[in-house]
Amino acid sequence: MSGSDAPIRVLLVDDHAMLRAGFRTILDTQPDITVVGEAATGADAVAQASALRPDVITMDVQMPDMDGIEATRRIVADPAVGAAIAIVTTFDRDDYLYQALDAGASGFLLKNAGAEDLIAAVRALAAGDGMLAPEVTRRVLARFTTAPGPASASASPSVPSQIAATVLADPLTDREAEVLVLLADARSNAEIASALFIGEATVKTHVSRILQKLGARDRVQAVVLAHRMGLA
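Residues numbered from 1 in each chain as written. Predicted model: local features only at pLDDT ≥ 70, side-chain atom pairs only at ≥ 80, totals over all residues. Heavy atoms only, no water.

Draft legend 1. Here's a closer look at empty space enclosed by the protein. Taken as a whole and assessed by the stated rule, the structure comprises one cavity of 30 Å³ or more. There is about 40 Å³ of room inside the largest cavity. Every residue lining the largest cavity is listed: L12, V13, D14, L19, R20, F23, T58, M59, D60 and V88. When residues of the lining of the largest cavity are traced back to their parent elements, those giving at least two are strand 1 (8–13), helix 1 (17–28) and strand 3 (56–59). Looking at the lining of the largest cavity element by element, the count peaks at three residues for helix 1. Split into classes, the residues belonging to the lining of the largest cavity amount to six nonpolar, one polar and three charged. (1 Å grid on protein atoms, 1.4 Å probe; cavity = no way out; pocket = protein on both sides within 12 Å on 5 of 7 lines; lining within 4 Å. Points joined across faces, edges and corners; volume = space filled by probe spheres on them. Helix = DSSP H or I, 4+ residues; strand = E, 2+ residues; numbered from the N terminus. Nonpolar A, V, L, I, M, F, W, Y, C, P; charged D, E, K, R; others polar.)

Draft legend 2. A look at helix 3 (residues 68–77). Among all positions of helix 3, only G68, I69, A71, T72 and I75 are buried. For helix 3, the angular spread of buried residues about the axis comes to 160°, placing them on one side. Put simply, D67 is the residue that caps the front of helix 3, since its side-chain oxygen is 3.1 Å from the backbone nitrogen of I69. (Buried < 20%, exposed > 50% of the residue type's maximum accessible area, 1.4 Å probe, protein only. Arc of directions from axis to C-beta. Polar contact = N/O pair within 3.5 Å; in protein donor to acceptor, adjacent residues only side chain to side chain.)

Draft legend 3. How the structure looks around the pairing of strand 1. Extensive coverage of strand 1 is indicated by the burial of five of its six residues. With six bridges connecting them, strand 1 and strand 2 (residues 33–39) associate as parallel partners. Its bridge partner lying in strand 2, L11 is registered against G37. Since strand 1 and strand 2 lie parallel, the crossover through helix 1 that links them has a hand, and here it is right-handed. Bridge count between strand 1 and strand 3: four bridges; the pairing is parallel. When the sheet's bridge partners are listed, L11 is paired in strand 3 with I57. (Pairing = 2+ DSSP bridges. Right-handed = clockwise from strand over helix to strand, strands pointing away.)

Draft legend 4. Local environment of helix 4 (residues 94–103). Listing the buried residues of helix 4 in full gives Y96, L97, Y98, A100, L101 and A103. Looking one or two residues past helix 4, G104 carries a phi angle of roughly 115°, positive in sign.

Draft legend 5. Looking closely at the environment of E191. Among the secondary structure elements, E191 is positioned in helix 9 (residues 189–196). What makes E191 partly exposed here is its relative accessible area of 40%. Taking the C-alpha atoms as reference points, E191 and V203, separated by 12 residues in sequence, lie 9.8 Å from one another.

Draft legend 6. Here's a closer look at the environment of D185. With respect to the element layout, D185 can be found in the loop between helix 8 (174–184) and helix 9. On the accessibility criterion, D185 (45% relative accessible area) is partly exposed.

Draft legend 7. How the structure looks around the side chain of T72. Mapped onto the elements, T72 comes out in helix 3. Residue T72 is classed as buried on the basis of its relative accessible area of 1%. Once you skip the residues sitting within four places of it in the chain, T72 turns out to touch M59, I85, I87, A103, G104 and A105. (Contact = heavy atoms within 4.5 Å.)

Written out as structure tokens, the structure is:
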């Protein structure tokens, strides 16, 4: 990822040149974001990601020669790239959504989203946060959430302690459990820091440890696990 003072580097991937141009116009107006490249096919996206090392990639699904799901899978599998990927598609289809998350995408937006949503998604992914379109979040949880756990976050103040006590090879600390509760409430790092009166750097450290302990690939997957534990 870019340094704190460097702009967020974005790679735009879509087979429609006019859409890429529109996204570039929106993003390049932001002082903290710069578009460093474009790709019209999945194969080109993989090559450009390796060459440019962007912070964030906006990825279409249906493209010539390689679809966005496979391109996402290949980019995520390359540890030298490290880009966060947001799937941006016209098609509000569950199979695309679940395949994208399985491939390693950290965000999912529909192309009818507003300019502010695109900008917010890029910033969220660059900060290490997941980003799902509001209209698809409920379906993700319905798909992946099992029966409710022992308690809900709103029902019991002891939930963090209960989660910390959940059987893991390396159990969560009480503080990590508190952070997980807030992650499940879709809080950003800044919001978690404010709620717990700690620094954002400390939040990032806790999130990294939570992901490692849960065996979660990213924050989105961690939230799914939190819901499975009965936090929401």
